[in-house]
Amino acid sequence: MDQSISFLAKAGTAKYIKFNPLRAVDVTLPDGAVFVIASSLVEANKAATAHFNTRVVECRLATQVMAHVKLLPWREFRTLRQLQQRLNATLPDMVALTVEWLHEGSYTKQEICKLLEVTAEELNEASMSPNTLHVQEFKLRDRAMHVYEEADRVHRFKEIAETGASTGTTLKDLGSLMIESHASCRELYECSCQALDNLVQACIGAGAYGSRLTGAGWGGCTVSLVPEANLKSFLSKVQELYYGQDLTLFAKFEAAHALFPTKPSAGAAIYTY
């Protein structure tokens, strides 16, 4: 996705991107707002943990368990999207099926093996990645719920941006989707962290329509949708509410480009002379 938008980006528009095959559609954003990037100043060393790959495996296992419930050849399924396509179901349909077919809380590895009628070694080979072989518990329902609901939020964001009758109402609706998204990242996908949660709250408290983590999570940045007319006061308030609360954090903020506004711009290009 990062590579695609780096080349396909167009000034003044968002981009709705699909894969397999790669397709992209311009989405015109309403006037009156800018996006503001804010760094939590927390770095996530993803190479030192299995967090990211564990989420990938949890989504794969959720897919395979639901495929097995439907008496489908579960080893053929790797992604939640593949299952949705096979069932010819809408995203809201898949949310409902996830609730129906997957129980709350964690599944143990032993429980999944029993459901799929395989040994632990067979499950490792069919579903796990090398750095997740040690993981023994998986939150299948939460991860699948997040993925299907987040995909639906992307569709709704696109529809609202394209059909919103009022700029003010449209921006508030888009901001609400961003707030919902972060809550899901925090509660269902569990890829946020306390610093990111605090920063999102600071951004909303400073007047953003909406704010959420961006990137893989567990640190890094937030992106906020901010009224353009209030940009200066927003930046000042976020600096006070988040960066000014801790002298160490403030020192890092002073030394880094940690808070800045941005608008959709053109992607990479080749200049000829």
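Fair warning: this is a prediction, and the values are worked out from it, not measured in the lab.

Scoring rules and cut-offs
Residues numbered from 1 in each chain as written. Predicted model: local features only at pLDDT ≥ 70, side-chain atom pairs only at ≥ 80, totals over all residues. Heavy atoms only, no water. Axes fitted to C-alpha atoms, helices over the stretch in contact; angles between N-to-C directions. Helix = DSSP H or I, 4+ residues; strand = E, 2+ residues; numbered from the N terminus. Parallel < 35°, antiparallel > 145°, perpendicular 65-115°, else oblique. Contact = heavy atoms within 4.5 Å. Nonpolar A, V, L, I, M, F, W, Y, C, P; charged D, E, K, R; others polar. Buried < 20%, exposed > 50% of the residue type's maximum accessible area, 1.4 Å probe, protein only. Core = buried A, V, L, I, M, F, W, Y, C linked by side-chain atoms within 4.5 Å. Polar contact = N/O pair within 3.5 Å; in protein donor to acceptor, adjacent residues only side chain to side chain. Salt bridge = Lys/Arg side-chain N within 4 Å of Asp/Glu carboxyl O.

Asks: Before we go on, may I ask you to explain the packing of helix H2 (residues 51-69) against helix H6 (residues 120-127) in this structure?
Replies: Between two packed helices, what matters for the description is the angle formed by their axes and the separation of those axes. Put simply, H2 and H6 touch, their axes get as near as 11 Å, and they point 110° apart. In terms of their interaxial angle, H2 and H6 are classed as roughly perpendicular. On H6, the residues that touch Val-57, Arg-60, Leu-61 and Gln-64 of H2 are Leu-123, Ala-126 and Ser-127. For the contact of H2 with H6, the per-class residue count stands at four nonpolar, two polar and one charged.

Asks: I keep staring at unusual backbone geometry and nothing clicks. Help me out?
Replies: The general pattern is negative phi for most residues beyond glycine and trans for most peptide bonds. At the junction of Asn-20 and Pro-21, the peptide bond is cis and its omega measures out at 5° in the coordinates. Along the chain, Pro-21 turns up in the loop between strand S1 (13-18) and strand S2 (23-28). In the Ramachandran plot, Asn-20 falls in the positive-phi region, its phi being about 55° despite a non-glycine side chain. Looking at the element boundaries, Asn-20 is found in the loop between S1 and S2. Overall, the relative accessible area of 70% leaves Asn-20 in the exposed class. Positive phi outside glycine occurs at Glu-117, with the angle close to 60°.

Asks: Would you explain the nonpolar core in this entry?
Replies: Nonpolar side chains in soluble globular proteins tend to be buried together. Among the nonpolar cores identified, the biggest contains 61 residues, and Ile-112, Leu-140 and Tyr-243 are the most heavily contacted of them. Ranked by residues supplied to this core, first place goes to H2 with seven residues. Not counting the four nearest positions on each side in its chain, Leu-140 is found in contact with Glu-58, Leu-61, Ala-62, Val-65, Leu-102, Tyr-107 and Ile-112. Core analysis: the second largest hydrophobic core is formed by nine residues, Phe-35, Leu-171, Met-178 and Leu-225 among them.

Asks: Looking at this structure, how should I read the side chain of Arg-55?
Replies: Along the chain, Arg-55 falls in helix H2. Assessed through its relative accessible area of 9%, Arg-55 is described here as buried. A distance of 2.6 Å separates the side chain of Arg-55 from the backbone oxygen of Tyr-189, its partner in a polar contact.

Asks: How do you make sense of the pattern of salt bridges when you look at a structure like this?
Replies: Pairing between side chains of opposite charge can happen when their charged atoms approach one another. Applying the stated criterion across every chain, the model contains 16 salt bridges. Of the charged contacts in the structure, one is a salt bridge between Lys-10 and Asp-26, with a shortest N-O distance of 3.2 Å. Of the two residues, Lys-10 is situated in the loop between helix H1 (2-8) and S1 and Asp-26 in strand S2; the sequence distance between them amounts to 16 residues. Between Glu-58 and Arg-55 there is a salt bridge whose closest N-O contact spans 3.6 Å. Here the residue Glu-58 and the residue Arg-55 both occupy positions in helix H2, the gap between them amounting to three residues, near one helical turn. By the burial criterion, Glu-58 is buried, and Arg-55 matches it. Via salt bridges that share partners, Glu-150, Asp-152, Arg-153, Arg-156, Glu-180 and Arg-212 belong to a single interconnected network.

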